[in-house]
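Next come the chains, spelled out residue by residue.
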Amino acid sequence: MERLGNLLKSIDGKGYKAYKEISGKYKIKDLELEILNVQGDPFASPTLFELTISLRGLLDNIELFNNKVRQVAFEDYLLRELFEKIKLENLENEIIIQKPSMEVLRRTAINIKGEFLHIKYYMNLPAKGRNVLGHSALKKINDYALKIEGFLVGFDMKKARKHVVLQENIEDLREQISKEKIKVFIGNGSILKKDYILNSPKTLEKEFILKNGEKIKGLCIKEGITVITGYDFQGKSTLLQAISRGIYNHIEGSGLEYLLTNREAVNIFAEKNRVIHGLDMSSFIKEENRARHYDESCASSLISQTANLLEAVEVGTPLLLIDEDTSVVNFLYRDKNLKNYLEGIEYSVPFIEKMKKIYANYNISSIIVTSSIESFVNCANTVILMKNYELIDISNNIVKKEYSNTKDNDFSITRRKVNVEKTLEDFQGKKYKFKTCGTNFISFGKEEIQINSNNYIIDNGQLNFIGEVIKKIFSREELHEKTLREILETYERRFENEGIEEVLDTKNGMLTFARKYEIALVINRFPKKLYIDEVW
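Along each chain, residue indices are assigned from 1 in the same order as the chain's sequence is written. Local features are withheld for residues below a pLDDT of 70 in this predicted model, meaning they are given only at 70 or higher, and side-chain atom pairs are given and counted only at 80 or more; totals for whole chains, interfaces and linings count all residues. Values reported for side chains reflect all heavy atoms of the structure, with hydrogen atoms and water molecules removed beforehand.

Caption draft 1: Broad picture of the sheet that holds strand β13 (residues 215–222). Here we have four strands laid out as an open sheet, ordered β12-β13-β9-β16, and antiparallel in their pairing. Only two strands of the sheet have a single neighbouring strand rather than two, namely β12 (205–209) and β16 (259–261). Adjacent strand axes in the sheet meet at a mean angle of 35° when their direction is disregarded. The criterion for strand pairing is that DSSP finds at least two bridges linking the strands in question. A helix here means a DSSP run of H or I that spans at least four residues, while a strand means a run of E at least two residues long, and both kinds are numbered starting from the N terminus. The sheet contact formed by strand β9 (residues 182–187) and β16 spans three bridges and is antiparallel. If you follow phenylalanine 185 over to β16, its bridge partner there is leucine 260. Contacts are assigned to residue pairs with any non-hydrogen atoms lying within 4.5 Å of each other. Note on geometry: axes are C-alpha line fits, over the in-contact stretch for helices, and angles between N-to-C directions span 0 to 180 degrees. Set on the sheet, helix α4 (residues 157–179) makes contact with β9, β12, β13 and β16; between it and β16 the angle comes to about 50°.

Caption draft 2: Focus on the packing of aromatic side chains. Pairing of aromatic rings covers Phe, Tyr and Trp, the last through its six-membered ring, and needs centres within 6.5 Å; plane angles under 30 degrees mean stacked, over 60 mean edge-to-face, and all others mean tilted. On inspection of all chains with the given rule, the structure shows 22 aromatic pairs. Here phenylalanine 49 and tyrosine 121 contribute two aromatic rings whose centre-to-centre distance is 5.5 Å and whose plane-to-plane angle is 10°, an arrangement assigned as stacked. Taken together, the residues span a long stretch of sequence, with phenylalanine 49 in strand β3 (residues 47–54) and tyrosine 121 in strand β6 (residues 116–123) at a distance of 72 residues. Think of it in three bands: with a 1.4 Å probe and only protein chains considered, a residue is buried below 20% of the maximum accessible area for its type, exposed above 50%, and partly exposed in between. Judged by its relative accessible area of 0%, phenylalanine 49 falls in the buried class.

Caption draft 3: Geometry of the packing of helix α11 (residues 460–473) against helix α14 (residues 516–523). At a closest axis distance of 10 Å, the pairing of α11 and α14 adopts a crossing angle of 70°. As summarised for this structure, α11 and α14 are arranged roughly perpendicular, according to the angle between their axes. The hand of the α11/α14 crossing is right-handed. Where α11 approaches α14, its residues Leu463, Phe465, Ile466, Val469 and Ile470 are matched on the opposing element by Glu518, Ile519, Val522 and Ile523. Polar here means any residue outside two lists: the nonpolar Ala, Val, Leu, Ile, Met, Phe, Trp, Tyr, Cys and Pro, and the charged Asp, Glu, Lys and Arg; Gly therefore counts as polar. Its residues assigned to classes, the contact of α11 with α14 shows eight nonpolar, no polar and one charged. Any angle that falls under 35 degrees is termed roughly parallel, while one over 145 is termed roughly antiparallel, one within 65 to 115 roughly perpendicular, and all others oblique. The handedness criterion is simple: a crossing whose near helix is rotated anticlockwise from the far helix by less than a right angle is left-handed, and one whose near helix is rotated clockwise is right-handed.

Laid out in C-alpha cells, this is it:
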C-alpha cells in the first residue's frame, strides 16, 4: 500500500479527476487490490474495486466448489454472507455490492478463479468539495478491503455446505425430470403463498430419489397441453407465476426450493405499443401482404402477444406459459357461434387453433390458465382444478373435443438474421452507451426501451448483462447475417464454459446472467431495426 499512499499524497488537494491516477494493482498484506473505473466526479458512479483473496486462507479443501454446480452455489453463498454482514454493520452506503435475491444465479460480484476468490465492490472516494482527500481515501480503501476479508474469514462451513448440497439436489432433480419429459415439478410442501402449502393429487404424483438418497414427491406436469382452471381467487394465476419463477433455482426458505420448471419456458403475454421488426406472422395473420415480413412501430395487444409467442419460438422455447388474465381474448380464442354473425375478412387465427399443431410438429408444450374458455379444457391432455389453493386432477372427467374453426393448420418459425453492419459504428462508439433502471427500462443512447413486467427479468444486474451482450453482438462484424438463435446459443455456451466477464471482456461487479430469451426480448423491442430485410 506504500505506492498507493504515495500516489494519494501527491494528488491530495488537487481536482477530483486526479483520482484517475490511482488506477492499478496494489498489495494489502496477503491481499491483492485492483482499482478500476475510477470516478471522475464526487457525484458520478462510484469507483470499482476488485479484491483477490487466496482460498487457502478461507477453507481447507475444494469440495465446496470442485464442479460448476457447486462453484455457482458457493459463490452465491459467499455473496449472501458478505452482503448480510455489510448490512449488519450499516455499511451499505459505504461498501456497495450486488444484492442477492431468492434466486441462485451466476453473478459477477463474487467469482472463483483457480485458487483465488475475486470480490468486486464499489465505493465513493472522499472529497472536500471537488478536491481529493488523499489521507482519508487511503484509510477508507485500506480499512474496507481488510474488513471485507474479515467478513469472509471464518464463514460457517456447515451452513455453506448445506447451501451447496441443496443446489446440487435441485440440479439432480432437474436432470431426472428432464429425462422423464416432465416440464414442471411442484414438490409437495412448496409454499405458493403465505399459509398455502401445495400437495400433489395422487394421480399426478411421482417420487424421485436423489443421489444423496433423499426422496422427493411432487406433482408432475408432462409435455403436451395442460390447463389450470377454477373460479376466481382460487390461486390459478399465483400458481402460474410460481411456475414461471421455477426456471430459476431458489434458496432454502423461499418455499420454492423444489418447484422446478423447464429452464427454457417463456411467459406469453399481451402488451401495447411495442415495435415489431420483420417477423413472419403468417401463421396467425391472414390476408395481409405484409404478414410474412411484419413491421409495426406501435402494435396492438393482439399483434404484440402473437409476436411474443413467435419470437419465443424463434429462439427455441419448448414451453409456453399463458394466463388469460394477461392475454387478450382474440389472441386466445374466437367463439364459433359468434362467427355466424360476423361479416368481412377474418384477419387473425387464435392460438387455440394452433397449439396442438405447435406441439405435434415442434414439441412445444403449453400451460394455460383459464376459467372462461371451455374449449381449452376440452383440448387438454391434463386439466388441473384449483380450489382454495388445492390441486385437483380432473383430466378424466373432461369430455375431449377437438377445436377447429379453420382448415389452415400451418405453422412456420421465423429465422431472422441480424444486421450488424447497419449499426456497427454506433455500438462500437459511444452513441449507444446503455443505461438501465430497475428491471423494466434500458436505453441505448437516445433509443429507449420499456419492458413489460410479465417477463423473467428479476434483477437489475440482468438488464446490465443484457446491455453488455447486445453491445458485444452488434460490435462484431463477423456476426452479420447470422440468425439470432444461432448467436445467442453460441454466447450461452461460452458464458457457461468461459465465464461472463471473460466473454464480455469487461470488469463489472453488477452483472447477473440472463437467458437468451430475455436478451432477445430487448433486441426485439429496440426502436431501430436490427434485422436484415429477408424471411426464410
